[in-house]
Amino acid sequence: MIQFYFHPTPNPAKVALFLEETGMPYEAIPVDTSKGEQHTAAFRAINPNGKVPAIIDTDGPGGREARVFDSTAILIYLAEKSGLLLGRPEDRPELLSWLLFIASGLGPFSGQAVHFQYAAPEGLDYAVNRYRREADRHYQVLNDHLAGHDFIVGDQYTIADISAWGWIDRASRVRKGADTPLAPFPELQRWFAGVDARPAVARARALAKRHAFKTVNDEETKRALFPSNYPPAAGKGA
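Residues numbered from 1 in each chain as written. Predicted model: local features only at pLDDT ≥ 70, side-chain atom pairs only at ≥ 80, totals over all residues. Heavy atoms only, no water.

In the annotation of an unreviewed UniProt entry, the entry for the chain reads Glutathione S-transferase, and the organism field reads Bordetella genomosp. 10.

Set out below in structure tokens:
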């Protein structure tokens, strides 16, 4: 059984989509990051980095319990465990390349673009411009690559498509103010429409609606989501 720790944000959404696509049995365990539940000792024992998603596989290698954290690591682990959505063996170098492009580029720059456009203090125009343009650049790389292709890797739907979908699904926030955020990237828009129409996507989206998460953006939320912006509590070091 897979114990899936999640919050309805882009990186956990990837894992939810994989689980729904493959039908692997799982237990969804909500972690309300706006309340700071990701910082508890119990959760840090699962992910020392204090982030979602994370999983516990109660039937891991050798029949032992295994923890996996970071969405890309989880996707690779689950795909290898199940033998599903890995694509053709000959496409494995390409698959790993695009997974790491998403993990090190598309995802982080999209996340920082959202942060500086919505959460950071006003006046940080350089940061807003830097991350928004880099997010756009990553969109363009994917757009150009997808010309003439239905999927990111080879001719099959794989965990690379699932991983990219998690962040492209938030294009309206990444590209704040754009009425049709994917319009400048027609190949990416076409690809996204194809993935987003899959029945498993609707099931993955429904997962978040089955749990009540905090939606108020108050001081508690800011401290929970951005703890490094605040001085450490007395006695906890610099």
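### Some thoughts on the domain arrangement of the chain
Domains assigned within the chain are domain 1 (2-84 + 202-229) and domain 2 (89-197). The C-alpha centroid of domain 2 is placed 21 Å from the C-alpha centroid of domain 1. Contacts between the two partners involve 16 residues from domain 1, matched on the other side by 17 residues from domain 2. Where domain 1 abuts domain 2, roughly 1,500 Å² becomes buried across the two surfaces, and 66% of that area is made up of carbon and sulfur atoms. In terms of surface lost to domain 2, no three residues of domain 1 exceed Pro 10, Lys 14 and Arg 205, which account for 35% of the buried area on that side. Where domain 1 touches domain 2, the interface holds three salt bridges. Across the pair Arg 205 and Asp 169 runs a salt bridge whose closest N-O atoms are separated by 3.0 Å. Taken together, domain 1 and domain 2 are joined by seven residue pairs in polar contact (both at pLDDT 80 or more). (Domains from an automatic or database assignment. Contact = heavy atoms within 4.5 Å. Buried area = accessible area lost by both parts, 1.4 Å probe. Salt bridge = Lys/Arg side-chain N within 4 Å of Asp/Glu carboxyl O. Polar contact = N/O pair within 3.5 Å; in protein donor to acceptor, adjacent residues only side chain to side chain.)

### Details of the nonpolar core
A general feature of soluble globular proteins is that nonpolar side chains tend to end up buried together. The biggest cluster of nonpolar side chains holds 55 residues, and the ones touching the most others in it are Leu 78 and Trp 191. Among the elements that make up this core, the one with the highest residue count is helix H4 (residues 92-118) (eight residues). Listed in part, the seven residues of the second largest apolar core include Tyr 5, Val 31, Val 52 and Ala 54. (Core = buried A, V, L, I, M, F, W, Y, C linked by side-chain atoms within 4.5 Å. Buried < 20%, exposed > 50% of the residue type's maximum accessible area, 1.4 Å probe, protein only. Helix = DSSP H or I, 4+ residues; strand = E, 2+ residues; numbered from the N terminus.)

### Notes on the pattern of salt bridges
Scanning all chains against the criterion turns up 14 salt bridges. We note a salt bridge from Arg 175 to Asp 136, for which the minimum N-O separation is 2.8 Å. Here Arg 175, found in the loop between helix H7 (171-174) and helix H8 (186-196), pairs with Asp 136, found in helix H5 (residues 125-146); they are 39 residues apart in sequence, far enough to count as distant. Overlapping salt bridges, with partners in common, bring together Asp 150, Glu 187 and Arg 190 in one network.

### Considering the UniProt feature "domain: GST C-terminal" (unreviewed entry) in the chain
Listed under "domain: GST C-terminal" (unreviewed entry) in the UniProt record, and renumbered for this structure, are residues 88-215. With 66% helix and 0% strand, residues 88-215 has its two end C-alpha atoms placed 42 Å apart. (UniProt positions renumbered as here; feature names shortened; annotations may be inferred.)

### Things to note about the UniProt feature "domain: GST N-terminal" (unreviewed entry) in the chain
If you check UniProt for "domain: GST N-terminal" (unreviewed entry), the listed places come out as residues 1-86 in our numbering. For residues 1-86, the helix share is 34%, the strand share is 21%, and the end-to-end C-alpha distance is 20 Å.

### Re the packing of aromatic side chains
Within the structure shown, the criterion is met by 10 aromatic pairs. Judged by centre distance (6.2 Å) and plane angle (70 degrees), the ring pair of Phe 4 and Tyr 26 falls under edge-to-face. Of the two residues, Phe 4 is situated in strand E1 (residues 2-6) and Tyr 26 in strand E2 (residues 26-30); the sequence distance between them amounts to 22 residues. Residue classification places Phe 4 among the buried positions, given a relative accessible area of 0%. When its relative accessible area of 19% is taken as the criterion, Tyr 26 is described as buried. (Phe/Tyr/Trp six-rings, centres within 6.5 Å; stacked < 30°, edge-to-face > 60°.)

### Thoughts on helix H9 (residues 199-209)
Buried residues of H9: Ala 200, Val 201, Ala 204 and Leu 207, and no others. Within H9, the buried residues cover an arc of 110 degrees as seen down the axis, which keeps them to one side. Those residues of H9 that are exposed and aimed more than 90 degrees away from the buried face are Pro 199, Ala 202 and Lys 209. (Arc of directions from axis to C-beta.)

### Section: the pairing of E1
Across the five residues that make up E1, a large majority, five, are buried. Alternating residues of E1 divide into Ile 2, Phe 4 and Phe 6 and Gln 3 and Tyr 5, and every residue in both groups is buried. Sheet topology places E1 next to E2; five bridges connect them, and they run parallel. The partner of Phe 4 across the bridge, within E2, is Ala 28. Viewed along the sheet, the connection from E1 through helix H1 (residues 10-22) into E2 turns out right-handed. (Pairing = 2+ DSSP bridges. Right-handed = clockwise from strand over helix to strand, strands pointing away.)

### Regarding H4
End to end, H4 covers 37 Å across 27 residues, agreeing with the expected 39 Å (1.5 Å per residue, within 8%). Largest kink in H4: about 40 degrees, centred on Ile 102. (Expected span 1.5 Å × (residues − 1). Bend = angle between axes of the 7 residues up to and from the residue.)

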